[in-house]
Amino acid sequence: MRSPVRGVFLLMALLVVISSSATARADDADIQRKVQALLAPLHPADTPDDWRALGPDAPRVIIAMIGRTDRIRERHRLTSVLGYFPDDPAALAYLKRQAEGAPDEVIRVAAVRSVGQAAGVKESSFVAQFLASEDPDLRVAAGQTLRQMNDPQAEALLEPFLAKEGNSRLAARIQGQPPRVPVARLKPTGSTESRPAPGLPGAWRGFRVMPDPRSGQMRSEACTLRLQLPARATGDKAALQAELFLTPAAGGAPLGETVTEVRGEGQRLSGRIRIPGESDPVEFSGQVREQAGVRVLELRVPRTGALYLLRKD
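From N to C terminus, the chain includes 10 helices and 10 strands. Looking at the 313 residues of the chain, the share that counts as buried comes to 43%. Long-range contacts, defined as pairs at least 24 residues apart, comprise 55% of the intrachain contacts of the chain with a sequence gap of at least 6. Surface exposure of the chain reaches about 17,200 Å², of which carbon and sulfur atoms provide 53%.

Listed below in C-alpha coordinates is the structure:
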(Lines give C-alpha, C1' and ligand atoms only; values in the text may rest on other atoms or scores of the structure.)
Protein backbone atom coordinates (compact mmCIF):
# COMPACT_ATOMS: atom_id res chain seq x y z
CA MET A 1 0.00 0.00 0.00
CA ARG A 2 1.37 3.43 -1.02
CA SER A 3 2.40 5.68 1.85
CA PRO A 4 0.18 8.80 2.26
CA VAL A 5 3.30 10.83 3.06
CA ARG A 6 4.90 9.76 -0.22
CA GLY A 7 1.76 10.75 -2.09
CA VAL A 8 1.85 14.20 -0.51
CA PHE A 9 5.48 14.66 -1.58
CA LEU A 10 4.65 13.61 -5.16
CA LEU A 11 1.75 16.06 -5.27
CA MET A 12 3.95 18.88 -3.97
CA ALA A 13 6.64 18.08 -6.56
CA LEU A 14 4.01 18.12 -9.31
CA LEU A 15 2.73 21.48 -8.14
CA VAL A 16 6.28 22.89 -8.17
CA VAL A 17 6.76 21.68 -11.75
CA ILE A 18 3.45 23.18 -12.86
CA SER A 19 4.22 26.45 -11.09
CA SER A 20 7.71 26.63 -12.65
CA SER A 21 6.27 25.91 -16.10
CA ALA A 22 3.64 28.62 -15.70
CA THR A 23 6.28 31.11 -14.56
CA ALA A 24 8.49 30.27 -17.54
CA ARG A 25 5.56 30.81 -19.93
CA ALA A 26 4.79 34.14 -18.28
CA ASP A 27 8.44 35.21 -18.57
CA ASP A 28 8.53 34.19 -22.25
CA ALA A 29 5.32 36.11 -22.92
CA ASP A 30 6.82 39.19 -21.30
CA ILE A 31 9.94 38.91 -23.48
CA GLN A 32 7.75 38.50 -26.58
CA ARG A 33 5.82 41.67 -25.73
CA LYS A 34 9.08 43.60 -25.34
CA VAL A 35 10.42 42.17 -28.62
CA GLN A 36 7.26 43.24 -30.44
CA ALA A 37 7.63 46.73 -28.96
CA LEU A 38 11.18 46.94 -30.35
CA LEU A 39 9.99 45.69 -33.74
CA ALA A 40 7.07 48.11 -33.99
CA PRO A 41 8.81 51.32 -35.22
CA LEU A 42 9.03 51.49 -38.99
CA HIS A 43 12.47 53.09 -38.71
CA PRO A 44 13.92 51.59 -35.52
CA ALA A 45 16.35 53.48 -33.31
CA ASP A 46 17.08 50.61 -30.90
CA THR A 47 20.59 49.65 -29.84
CA PRO A 48 22.27 46.30 -29.09
CA ASP A 49 21.97 47.11 -25.39
CA ASP A 50 18.18 47.39 -25.75
CA TRP A 51 18.07 43.80 -26.96
CA ARG A 52 20.58 42.43 -24.48
CA ALA A 53 18.52 44.03 -21.69
CA LEU A 54 15.82 41.45 -22.47
CA GLY A 55 17.93 38.91 -20.59
CA PRO A 56 19.64 35.57 -21.27
CA ASP A 57 16.39 33.87 -22.33
CA ALA A 58 15.80 36.37 -25.14
CA PRO A 59 17.67 34.44 -27.90
CA ARG A 60 15.61 31.29 -27.26
CA VAL A 61 12.37 33.30 -27.40
CA ILE A 62 13.50 35.20 -30.51
CA ILE A 63 14.37 31.97 -32.34
CA ALA A 64 10.91 30.59 -31.52
CA MET A 65 9.30 33.81 -32.80
CA ILE A 66 11.21 33.56 -36.08
CA GLY A 67 9.82 30.07 -36.59
CA ARG A 68 6.25 31.26 -36.05
CA THR A 69 6.14 34.25 -38.38
CA ASP A 70 5.99 34.37 -42.16
CA ARG A 71 6.64 38.13 -42.28
CA ILE A 72 9.98 38.59 -43.99
CA ARG A 73 10.63 41.95 -42.29
CA GLU A 74 10.22 40.43 -38.81
CA ARG A 75 12.30 37.37 -39.64
CA HIS A 76 15.02 39.58 -41.10
CA ARG A 77 15.13 41.91 -38.07
CA LEU A 78 15.07 39.10 -35.53
CA THR A 79 17.81 37.19 -37.35
CA SER A 80 19.91 40.36 -37.35
CA VAL A 81 19.51 41.05 -33.62
CA LEU A 82 20.61 37.54 -32.64
CA GLY A 83 24.10 38.78 -33.41
CA TYR A 84 23.86 40.96 -30.28
CA PHE A 85 24.13 37.84 -28.05
CA PRO A 86 27.74 36.65 -28.37
CA ASP A 87 27.56 34.48 -25.24
CA ASP A 88 24.70 32.28 -26.43
CA PRO A 89 26.01 29.17 -28.26
CA ALA A 90 22.50 28.11 -29.30
CA ALA A 91 21.94 31.46 -31.02
CA LEU A 92 25.25 31.15 -32.87
CA ALA A 93 24.46 27.59 -33.96
CA TYR A 94 21.04 28.72 -35.20
CA LEU A 95 22.56 31.62 -37.17
CA LYS A 96 25.06 29.29 -38.84
CA ARG A 97 22.26 26.95 -39.89
CA GLN A 98 20.31 29.89 -41.32
CA ALA A 99 23.36 31.19 -43.17
CA GLU A 100 23.86 27.81 -44.81
CA GLY A 101 20.30 26.80 -45.55
CA ALA A 102 17.60 29.47 -45.10
CA PRO A 103 15.33 29.50 -48.17
CA ASP A 104 15.21 33.32 -48.29
CA GLU A 105 18.37 35.03 -49.51
CA VAL A 106 17.90 38.12 -47.34
CA ILE A 107 17.73 35.90 -44.24
CA ARG A 108 20.95 34.16 -45.23
CA VAL A 109 22.64 37.55 -45.69
CA ALA A 110 21.43 38.72 -42.27
CA ALA A 111 22.60 35.46 -40.69
CA VAL A 112 26.11 35.74 -42.17
CA ARG A 113 26.44 39.27 -40.82
CA SER A 114 25.10 38.23 -37.42
CA VAL A 115 27.56 35.32 -37.15
CA GLY A 116 30.39 37.80 -37.66
CA GLN A 117 28.91 40.21 -35.15
CA ALA A 118 28.36 37.53 -32.51
CA ALA A 119 31.60 35.59 -32.85
CA GLY A 120 34.02 37.94 -34.60
CA VAL A 121 37.26 36.52 -35.93
CA LYS A 122 36.58 33.15 -34.25
CA GLU A 123 34.14 32.44 -37.09
CA SER A 124 36.09 34.19 -39.85
CA SER A 125 36.65 30.92 -41.72
CA PHE A 126 32.92 30.16 -41.61
CA VAL A 127 32.08 33.63 -42.94
CA ALA A 128 34.79 33.47 -45.62
CA GLN A 129 33.24 30.40 -47.25
CA PHE A 130 30.41 32.63 -48.53
CA LEU A 131 32.89 34.57 -50.66
CA ALA A 132 32.47 31.66 -53.09
CA SER A 133 28.65 31.83 -53.09
CA GLU A 134 26.80 32.16 -56.37
CA ASP A 135 24.72 34.89 -54.75
CA PRO A 136 26.45 38.29 -55.10
CA ASP A 137 24.68 39.67 -52.01
CA LEU A 138 26.09 36.83 -49.92
CA ARG A 139 29.57 37.47 -51.28
CA VAL A 140 29.26 41.16 -50.39
CA ALA A 141 27.89 40.34 -46.92
CA ALA A 142 30.78 37.97 -46.26
CA GLY A 143 33.36 40.47 -47.52
CA GLN A 144 31.95 43.38 -45.52
CA THR A 145 31.69 41.22 -42.40
CA LEU A 146 35.33 40.10 -42.67
CA ARG A 147 36.44 43.68 -43.26
CA GLN A 148 34.56 44.93 -40.20
CA MET A 149 36.36 42.38 -38.01
CA ASN A 150 39.46 44.56 -38.46
CA ASP A 151 41.72 41.59 -37.79
CA PRO A 152 44.78 40.29 -39.74
CA GLN A 153 43.33 36.78 -39.90
CA ALA A 154 40.08 38.04 -41.45
CA GLU A 155 41.95 40.34 -43.82
CA ALA A 156 44.10 37.42 -44.99
CA LEU A 157 40.95 35.51 -45.92
CA LEU A 158 39.48 38.50 -47.77
CA GLU A 159 42.58 39.66 -49.64
CA PRO A 160 42.64 36.93 -52.36
CA PHE A 161 38.97 37.56 -53.12
CA LEU A 162 39.49 41.31 -53.54
CA ALA A 163 42.56 40.71 -55.70
CA LYS A 164 40.52 38.45 -57.97
CA GLU A 165 37.62 40.91 -58.15
CA GLY A 166 39.85 43.85 -59.04
CA ASN A 167 37.73 46.96 -59.70
CA SER A 168 34.40 45.15 -59.84
CA ARG A 169 31.17 46.49 -58.38
CA LEU A 170 31.30 43.83 -55.66
CA ALA A 171 34.79 44.86 -54.58
CA ALA A 172 33.68 48.50 -54.47
CA ARG A 173 30.71 47.64 -52.26
CA ILE A 174 32.84 45.60 -49.87
CA GLN A 175 35.38 48.40 -49.55
CA GLY A 176 32.73 51.09 -49.11
CA GLN A 177 33.60 52.94 -52.30
CA PRO A 178 30.90 55.12 -53.91
CA PRO A 179 29.24 53.82 -57.06
CA ARG A 180 30.16 55.04 -60.48
CA VAL A 181 26.99 56.80 -61.60
CA PRO A 182 26.52 56.70 -65.38
CA VAL A 183 26.94 60.17 -66.86
CA ALA A 184 25.87 59.37 -70.40
CA ARG A 185 22.20 59.65 -71.24
CA LEU A 186 20.45 56.33 -70.86
CA LYS A 187 18.32 55.09 -73.72
CA PRO A 188 14.70 54.37 -72.67
CA THR A 189 13.43 50.85 -73.27
CA GLY A 190 9.90 51.64 -72.12
CA SER A 191 6.55 50.35 -73.24
CA THR A 192 2.96 51.50 -72.97
CA GLU A 193 1.66 48.09 -71.91
CA SER A 194 -0.76 48.01 -68.95
CA ARG A 195 1.10 45.18 -67.21
CA PRO A 196 4.74 44.62 -66.13
CA ALA A 197 7.16 43.61 -68.84
CA PRO A 198 8.37 39.99 -68.40
CA GLY A 199 11.85 41.14 -67.33
CA LEU A 200 10.68 43.59 -64.66
CA PRO A 201 9.91 41.16 -61.77
CA GLY A 202 12.96 39.76 -60.01
CA ALA A 203 15.87 41.01 -57.92
CA TRP A 204 17.51 44.31 -58.85
CA ARG A 205 20.72 45.32 -57.06
CA GLY A 206 22.72 48.50 -57.03
CA PHE A 207 22.90 51.79 -55.15
CA ARG A 208 20.78 54.62 -53.86
CA VAL A 209 22.38 58.04 -54.16
CA MET A 210 20.82 60.99 -52.32
CA PRO A 211 21.77 64.19 -50.48
CA ASP A 212 22.25 63.90 -46.73
CA PRO A 213 19.51 66.06 -45.14
CA ARG A 214 21.94 67.29 -42.47
CA SER A 215 25.16 67.98 -44.38
CA GLY A 216 23.79 68.34 -47.90
CA GLN A 217 26.58 66.08 -49.21
CA MET A 218 25.78 63.14 -51.45
CA ARG A 219 25.76 59.73 -49.81
CA SER A 220 25.23 56.26 -51.20
CA GLU A 221 23.98 52.95 -49.88
CA ALA A 222 23.90 49.57 -51.51
CA CYS A 223 20.36 48.33 -52.00
CA THR A 224 18.33 45.42 -53.32
CA LEU A 225 14.83 45.77 -54.74
CA ARG A 226 12.76 42.62 -55.16
CA LEU A 227 9.73 42.76 -57.42
CA GLN A 228 7.26 39.93 -57.85
CA LEU A 229 3.80 39.36 -59.18
CA PRO A 230 1.10 38.95 -56.51
CA ALA A 231 0.64 35.37 -55.28
CA ARG A 232 -3.06 35.72 -56.03
CA ALA A 233 -4.53 37.23 -59.16
CA THR A 234 -5.88 40.75 -58.76
CA GLY A 235 -8.02 42.96 -60.92
CA ASP A 236 -5.07 45.31 -61.41
CA LYS A 237 -2.82 43.63 -63.97
CA ALA A 238 -0.10 46.21 -63.28
CA ALA A 239 0.13 45.49 -59.53
CA LEU A 240 3.44 44.24 -58.10
CA GLN A 241 4.71 43.31 -54.67
CA ALA A 242 8.01 44.86 -53.62
CA GLU A 243 10.66 44.62 -50.89
CA LEU A 244 13.55 47.07 -50.59
CA PHE A 245 16.65 46.49 -48.45
CA LEU A 246 19.33 49.13 -47.87
CA THR A 247 22.83 48.51 -46.51
CA PRO A 248 23.96 51.54 -44.46
CA ALA A 249 27.10 53.25 -45.73
CA ALA A 250 28.75 52.65 -42.36
CA GLY A 251 28.08 48.93 -42.63
CA GLY A 252 25.78 46.73 -40.59
CA ALA A 253 22.73 44.65 -41.35
CA PRO A 254 20.48 45.68 -44.26
CA LEU A 255 17.40 47.68 -43.29
CA GLY A 256 14.01 46.89 -44.76
CA GLU A 257 12.11 49.82 -46.30
CA THR A 258 8.35 49.82 -46.86
CA VAL A 259 7.28 50.10 -50.50
CA THR A 260 3.59 50.15 -51.39
CA GLU A 261 1.14 50.67 -54.27
CA VAL A 262 3.71 49.41 -56.75
CA ARG A 263 2.67 49.30 -60.41
CA GLY A 264 4.62 48.02 -63.34
CA GLU A 265 3.49 49.10 -66.81
CA GLY A 266 5.79 47.77 -69.46
CA GLN A 267 9.29 48.85 -68.40
CA ARG A 268 7.97 51.63 -66.15
CA LEU A 269 7.60 51.40 -62.38
CA SER A 270 5.82 53.63 -59.88
CA GLY A 271 4.69 53.48 -56.28
CA ARG A 272 5.19 54.94 -52.83
CA ILE A 273 8.00 54.54 -50.31
CA ARG A 274 8.08 55.51 -46.65
CA ILE A 275 11.04 57.80 -45.94
CA PRO A 276 12.36 58.70 -42.45
CA GLY A 277 11.15 62.15 -41.46
CA GLU A 278 8.13 62.05 -43.77
CA SER A 279 4.71 61.52 -42.18
CA ASP A 280 3.27 59.93 -45.32
CA PRO A 281 4.79 57.71 -48.00
CA VAL A 282 6.28 59.67 -50.90
CA GLU A 283 5.97 58.86 -54.59
CA PHE A 284 8.69 57.37 -56.75
CA SER A 285 8.79 56.57 -60.44
CA GLY A 286 11.21 55.29 -63.00
CA GLN A 287 11.83 52.85 -65.78
CA VAL A 288 14.26 50.37 -67.23
CA ARG A 289 16.80 52.04 -69.50
CA GLU A 290 19.69 50.72 -71.54
CA GLN A 291 23.29 51.90 -71.81
CA ALA A 292 25.97 50.05 -73.72
CA GLY A 293 23.86 46.90 -73.70
CA VAL A 294 23.27 47.01 -69.93
CA ARG A 295 19.69 47.26 -68.62
CA VAL A 296 19.42 49.63 -65.66
CA LEU A 297 16.35 50.24 -63.51
CA GLU A 298 16.50 53.96 -62.74
CA LEU A 299 14.15 55.20 -59.98
CA ARG A 300 13.72 58.73 -58.66
CA VAL A 301 12.09 60.10 -55.50
CA PRO A 302 11.50 63.81 -56.24
CA ARG A 303 10.67 64.70 -52.62
CA THR A 304 14.10 63.63 -51.31
CA GLY A 305 16.24 63.86 -54.45
CA ALA A 306 17.07 60.15 -54.19
CA LEU A 307 18.22 58.29 -57.28
CA TYR A 308 18.25 54.48 -57.42
CA LEU A 309 20.45 52.81 -60.05
CA LEU A 310 19.81 49.08 -60.11
CA ARG A 311 20.54 46.20 -62.43
CA LYS A 312 19.86 42.51 -62.52
CA ASP A 313 22.90 40.33 -61.87
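With the rule as written, the count across this model stands at one aromatic pair. Judged by centre distance (5.4 Å) and plane angle (70°), the ring pair of Phe126 and Phe130 falls under edge-to-face. Take Phe126 and Phe130: they sit in the same class, and that class is buried. The aromatic ring of Phe126 is capped on one face by Lys96, whose charged end is 5.0 Å from the ring centroid.

Our next topic: unusual backbone geometry. Backbone geometry places Asn150, a non-glycine residue, at a positive phi of 50°. Locating Asn150 in the fold gives a position in the loop between α8 (136-149) and α9 (152-165). The backbone phi angle of Glu261 is positive, close to 50°, even though this residue is not glycine.

Quick notes on the rules
Residues numbered from 1 in each chain as written. Predicted model: local features only at pLDDT ≥ 70, side-chain atom pairs only at ≥ 80, totals over all residues. Heavy atoms only, no water. Helix = DSSP H or I, 4+ residues; strand = E, 2+ residues; numbered from the N terminus. Buried < 20%, exposed > 50% of the residue type's maximum accessible area, 1.4 Å probe, protein only. Contact = heavy atoms within 4.5 Å. Areas by Shrake-Rupley, 256 points an atom, 1.4 Å probe, with all protein chains shown as cover. Phe/Tyr/Trp six-rings, centres within 6.5 Å; stacked < 30°, edge-to-face > 60°. Lys NZ or Arg CZ within 6 Å of the ring centre and 35° of its normal.

Don't take any of this as a statement about function, it's just geometry.
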